Every structure is written in structure tokens, then in C-alpha cells.
Amino acid sequence: MQSLKNFKRVVLKIGSSLLFKKTAAGGICLDSEVLSQLVEQISYLTKSGKEALVVSSGAIASGLSLLKLAHKPKDLSLLQAIAAIGQPELMDVYRNAFRQRGLNCSQVLLTAEDLASRKRYLNAKNTLLTLLKLKNIPVINENDTVSTEEIKFGDNDRLSALVASLVKADILVILSDVDGLLDREKKVIRIVDEITPRIKALACPSDKKTCVGGMITKLEAAKISVDSGIPCVVANGRTFDIIPSLLKDPASHGTIFLPKKALTAKKHWIAFGSRPKGRVIVDDGAREALMNKKSLLSVGVIFCEGNFQAGDIVSIRDKENNEFARGISGLSFSSLDKAKGKRTDKEVVHRDNIVIL
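Please read all numbers here as calculations on a predicted model, not as lab measurements.

Enquirer: Explain the packing of aromatic side chains to me, please; I cannot follow it from the model alone.
Expert: We describe a pair of aromatic rings using the distance from one ring centre to the other and the angle between the two ring planes. By the definition in use, this model includes two aromatic pairs. Seen in terms of ring centroids, Phe 308 and Phe 333 are 6.0 Å apart; in terms of plane orientation they differ by 80°. Their pairing is edge-to-face. One end of the pair, Phe 308, is in the loop between β13 (301-306) and β14 (313-317); the other, Phe 333, is in helix α14 (residues 333-339), with 25 residues separating them in the sequence. Residue class for Phe 308 comes out buried when judged on its relative accessible area of 1%. Here Arg 287 stacks its cationic end above the ring of Phe 324, 4.7 Å away from the centre of that ring.

Below, the structure written as C-alpha cells:
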């Protein structure tokens, strides 16, 4: 392996489709060779003075393997139970693999709510940074045993981008069993400087038994990452020495999404760190005003819904229900519902608390 110079702090997302493979009997099992190779590369980074954080899927896949189940059930409580069975096994594999190389790792389980609450968001940040100071490798996963959203939508790609933003990583590397984003001719697009509707149209959902993410969620993660000022690479984790190769030259393999000017920490949290508690539909005049960095006033609100309070994040949409902004509401739903469409002195969202998406 060659020396690494460009990146100090790296977030690595490892997908379950990479860690698990099909068996001859039609089930799935851990691909020990792939995991060992990835841990070897991550250990090399750490011993080279880099800081590595791993966001690893695989709790449900691990549980399916232990229970010798060929298909992922649809029952939510059963899925959560399978995750509870699989997560300790997955961590044992990581722990033993790192210990064989003289390193220690830690388990960090997060839910969407942990990143939605500003206080818990900062607590998570402090914990992860402290683990890095202790020369520990955090292995992070969505807490599948209690989190329904991740099981249904596969948010570990999104989680990895939020973690990268949280710790101000220098690069996010999403490793899966795909070579990158493919164009219509099935060739890898090496560099994406902007995630446009055309780029989004190239993505399609995954139908793999062990993976619920697919390229769509990887594009969503890349969007969060680049808006944080962090480059994101999607690449095939089975490629020889893929991690050091990417850190030496991010465009050498897979697809690299180039970063934009980073949002402030507060605005990034408004845009991506918290799920909106409500929906606010505005007229054309209000939309234009918001696009020109003005505040949202009650007169421009056509419709609102949700159980939000003052201080909660709301999704701001145009008359066609297209979301174009998010913001911290200055009013509760009940107050806004009474004031909408009226010329009052009530400010729905202050311009400093609005992010244009």
C-alpha cells in the first residue's frame, strides 16, 4: 500500500450486500474474506495516522444468516427481533478482526431521533470525536431493533452522510457491490459535479434480499455530503485495496461527487439532520420571496398540516407540493392554521432559519 496524504478523517460506509453472500442452499452468510480485507485496509489507515469511522449495515442480514432464513420477512416486529439477534454477532466479527490487528473498535447505535434533536446531535458528535481521540474505530449502525424508518427505507447510506457531516470528515466513501453510478450505456460515471434530475434518473432501487438501499439512497447520501463540503465516492468494495486507492486518487475507482460550498452547521442540521414535523404550502409570491432570502410571512401560506410546535422543522413546498426549502417554524400548527393567508405581523419562518434545497 502506498502512503496516504490527502485525507485525515474518513467515514466509510459498508453495505450488507458487500458483507454477505448467497449460499449454495439459497440462504446468506457472512463473506469473511471481504470483511477481513476491508478491516485490513481500515487498520492500515489507522496505523498511518488517519481517523476512520465505519458505518456498517448488516444486522438484519447477520440475523437472517444465524436463523438460516432465506428471505427477509415483512413483519416489523420480526425484523426488529432478527436485527437484535444479528447485531451482536456482527460486532463480534468486527471486534475480533480489529483485535487481530492490534486495534480496538466500539459499537455506536443511532436512530434518526438522535440526529433530529439538536442536543442529542451534539452529544453524538462529542462521543464520536472522543472515540477518535482514544484511537478507537467507531463501528456505527442504525439501531434496527427500535428504528422502523431504517428497516423500511434503508437509511444507512443517509446515516453515513450525516455522520460525515457530524464529525466534519474529509471524505465519505460508500462501499457496495456496484462499481459506481452507471450511465445509460452501463459505463461508470467517474465524476459528478452536480446532482441534477438527469443524474437522479440514472438511479434505480435495489432488489437484493440483503440490501434495501440501492443507488437512490446513495445519491441522497452524496447530496447531503457534498452540501456539507465533503466529497463522496461510491465504489465497489471488492476491488483490491479499494480504500487506500480512493484516498490516493478519489477518481481512480467508482464515482466521485464533488463538494459544494458547505452549509453552516445550523443550516445543515435544518436541511438534513431532522425530519420535518409538518408541511407548509406557500403561494408563488412567498416562494419568490424565500428564494430571495426573505422571511416567510403568514399571508403567503396557503395550507399547513402536521403536529408541529414553534421551534420544529417544517417542509416548505410550492403549490404543486414540490419541496424547495426547510425551516424552523416560529409558530405552532394551530397558530399558523389560524393565521395562514392573513396579513398579520406573525413571521412563520425567519430568513436566518430557512434553507433552500
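Enquirer: Looking at this structure, I do not really get empty space enclosed by the protein. What am I missing?
Expert: Leftover empty space is mapped by rolling, across the atoms, a probe with the size of a water molecule. This structure, assessed with the given rule, holds three cavities of 30 Å³ or more. Within this model, the second largest cavity holds a volume of roughly 110 Å³. Elements supplying a minimum of two residues to the lining of the second largest cavity: α5 (112-116), α8 (156-166) and α12 (265-273). Residues belonging to the lining of the second largest cavity are distributed by class as follows: six nonpolar, three polar and four charged.

Enquirer: Help me out: how do you make sense of the pattern of salt bridges in this one?
Expert: Two side chains bearing opposite charge may form a pair once their charged atoms approach each other closely. Inspection of every chain in the model, using the stated rule, returns 12 salt bridges. Note that Arg 120 and Asp 114 form a salt bridge whose closest N and O atoms lie 2.6 Å from each other. Classification of Asp 114 as buried rests on a relative accessible area of 15%. Here Lys 319 ties to Asp 284 by a salt bridge, and the two come within 3.2 Å at their closest N and O atoms.

Enquirer: What's the story with the confidence of the model for the protein in this structure? I'm lost.
Expert: For residues with low pLDDT, the predicted coordinates do not support detailed interpretation. Overall, the prediction assigns the protein a mean pLDDT of 88, with 93% of residues at 70 or greater. Residue range residues 150-154 is modelled with pLDDT below 50. Its contacts to residues more than four positions away, or to other chains, number 17 contacts.

Enquirer: Honestly, a nonpolar patch on the surface in this entry has me stumped. Any pointers?
Expert: On the surface, Leu 66, Leu 67, Leu 69 and Ile 85 cluster together into a nonpolar patch covering about 300 Å² of accessible area. In this fold, Leu 66 is placed in helix α3 (residues 59-66). The class for Leu 66 is partly exposed, based on a relative accessible area of 40%.

Enquirer: Before we go on, may I ask you to explain helix α4 (residues 76-99) in this structure?
Expert: One turn of an α-helix holds 3.6 residues; hence residues three or four places apart share an orientation. With 24 residues, α4 ought to run about 34 Å at 1.5 Å a step, and its terminal C-alpha atoms sit 34 Å apart, in line with that. The sharpest bend along α4 reaches about 25° and sits at Gly 86, with the proline Pro 88 one to four residues further on. Among all positions of α4, only Leu 79, Gln 80, Ile 82, Ala 83, Gly 86, Gln 87, Leu 90, Met 91, Tyr 94, Ala 97 and Phe 98 are buried.

Enquirer: Just to check I follow, could you spell out unusual backbone geometry for this structure?
Expert: Trans is the prevailing form of peptide bonds, just as negative phi is the prevailing case for residues other than glycine. Phi angles above zero are rare outside glycine, and Lys 168 is one such case at about 55°. Relative to the helices and strands, Lys 168 is located in the loop between α8 and β7 (171-176). The backbone of Lys 293 shows a phi angle near 65°, a positive value even though the residue is not glycine. Following the sequence through the fold, Lys 293 ends up in the loop between α13 (284-291) and β12 (296-297).

Enquirer: How should I be thinking about the sheet that holds β7 in this particular structure?
Expert: The strands making up a sheet associate through hydrogen bonds between their backbones, and the pairing can be parallel or antiparallel. Read from one edge of the open sheet, eight strands run β5-β6-β4-β1-β7-β9-β10-β8, paired in mixed fashion. The open sheet terminates on both sides in strands that have one partner only, identified here as β5 (105-110) and β8 (191-192). In the sheet, β7 pairs with strand β9 (residues 232-236) via five bridges, with the strands oriented parallel. Directly across from Leu 175, in β9, lies its bridge partner Ala 235. Sheet contacts for α4: β1 (9-14), β4 (51-56), β5 and β6 (137-142); angle to β5, the most-contacted strand, approximately 150°.

Enquirer: Honestly, the side chain of Lys 50 in this entry has me stumped. Any pointers?
Expert: Counting through the fold element by element, Lys 50 comes out in the loop between α2 (32-47) and β4. Buried charge without a partner: Lys 50 forms no salt bridge, and the closest opposite charge is Asp 170, 7.6 Å away. Separated by 3.0 Å, the side chain of Lys 50 and the backbone oxygen of Phe 7 make a polar contact.

Enquirer: Is there a simple way to think about the environment of Asp 157 in this case?
Expert: With respect to the helices and strands, Asp 157 occurs in helix α8. The exposure class assigned to Asp 157 is buried, which follows from its relative accessible area of 2%. Remark: the alpha-carbon pair of Asp 157 and Leu 219, spanning 62 residues in sequence, is separated by 8.8 Å.

Enquirer: Sorry if this is basic, but what is going on with the side chain of Asn 141 here?
Expert: By the secondary structure assignment, Asn 141 is in strand β6. Take Asn 141: its relative accessible area is 2%, and that puts it in the buried class. With residues near it in sequence (within four places) discarded, Asn 141 still touches Ser 56, Ser 57, Ala 59, Gln 87, Leu 90, Val 108, Leu 109, Leu 110, Asn 156 and Leu 159.

Enquirer: Would you mind showing me how to read the packing of α2 against α4 here?
Expert: Each packed pair of helices is defined by two parameters, the angle between the axes and the distance between the axes. Two elements in contact, α2 and α4, have axes whose closest approach is 10 Å; the angle formed by their N-to-C orientations is 50°. The orientation of α2 relative to α4 falls into the category oblique. As for the relative orientation of α2 and α4, their crossing is right-handed in sense. Packed against α2, whose contacting residues are Leu 35, Val 39, Ile 42 and Ser 43, the element α4 presents Val 93, Tyr 94, Ala 97 and Phe 98 at the interface. Across the contact of α2 with α4, the residue classes tally to seven nonpolar, one polar and no charged.

What counts, and where the lines are drawn
Residues numbered from 1 in each chain as written. Predicted model: local features only at pLDDT ≥ 70, side-chain atom pairs only at ≥ 80, totals over all residues. Heavy atoms only, no water. Phe/Tyr/Trp six-rings, centres within 6.5 Å; stacked < 30°, edge-to-face > 60°. Helix = DSSP H or I, 4+ residues; strand = E, 2+ residues; numbered from the N terminus. Buried < 20%, exposed > 50% of the residue type's maximum accessible area, 1.4 Å probe, protein only. Lys NZ or Arg CZ within 6 Å of the ring centre and 35° of its normal. 1 Å grid on protein atoms, 1.4 Å probe; cavity = no way out; pocket = protein on both sides within 12 Å on 5 of 7 lines; lining within 4 Å. Points joined across faces, edges and corners; volume = space filled by probe spheres on them. Nonpolar A, V, L, I, M, F, W, Y, C, P; charged D, E, K, R; others polar. Salt bridge = Lys/Arg side-chain N within 4 Å of Asp/Glu carboxyl O. pLDDT = per-residue confidence, 0-100. Contact = heavy atoms within 4.5 Å. Patch = residues over 30% accessible without salt bridge, like charges linked within 9 Å, V, L, I, M, F, W, Y side chains within 5 Å. Areas by Shrake-Rupley, 256 points an atom, 1.4 Å probe, with all protein chains shown as cover. Expected span 1.5 Å × (residues − 1). Bend = angle between axes of the 7 residues up to and from the residue. Pairing = 2+ DSSP bridges. Axes fitted to C-alpha atoms, helices over the stretch in contact; angles between N-to-C directions. Lys, Arg positive; Asp, Glu negative; His and termini not counted. Polar contact = N/O pair within 3.5 Å; in protein donor to acceptor, adjacent residues only side chain to side chain. Parallel < 35°, antiparallel > 145°, perpendicular 65-115°, else oblique. Left-handed = near helix turned anticlockwise from the far one by under 90°.

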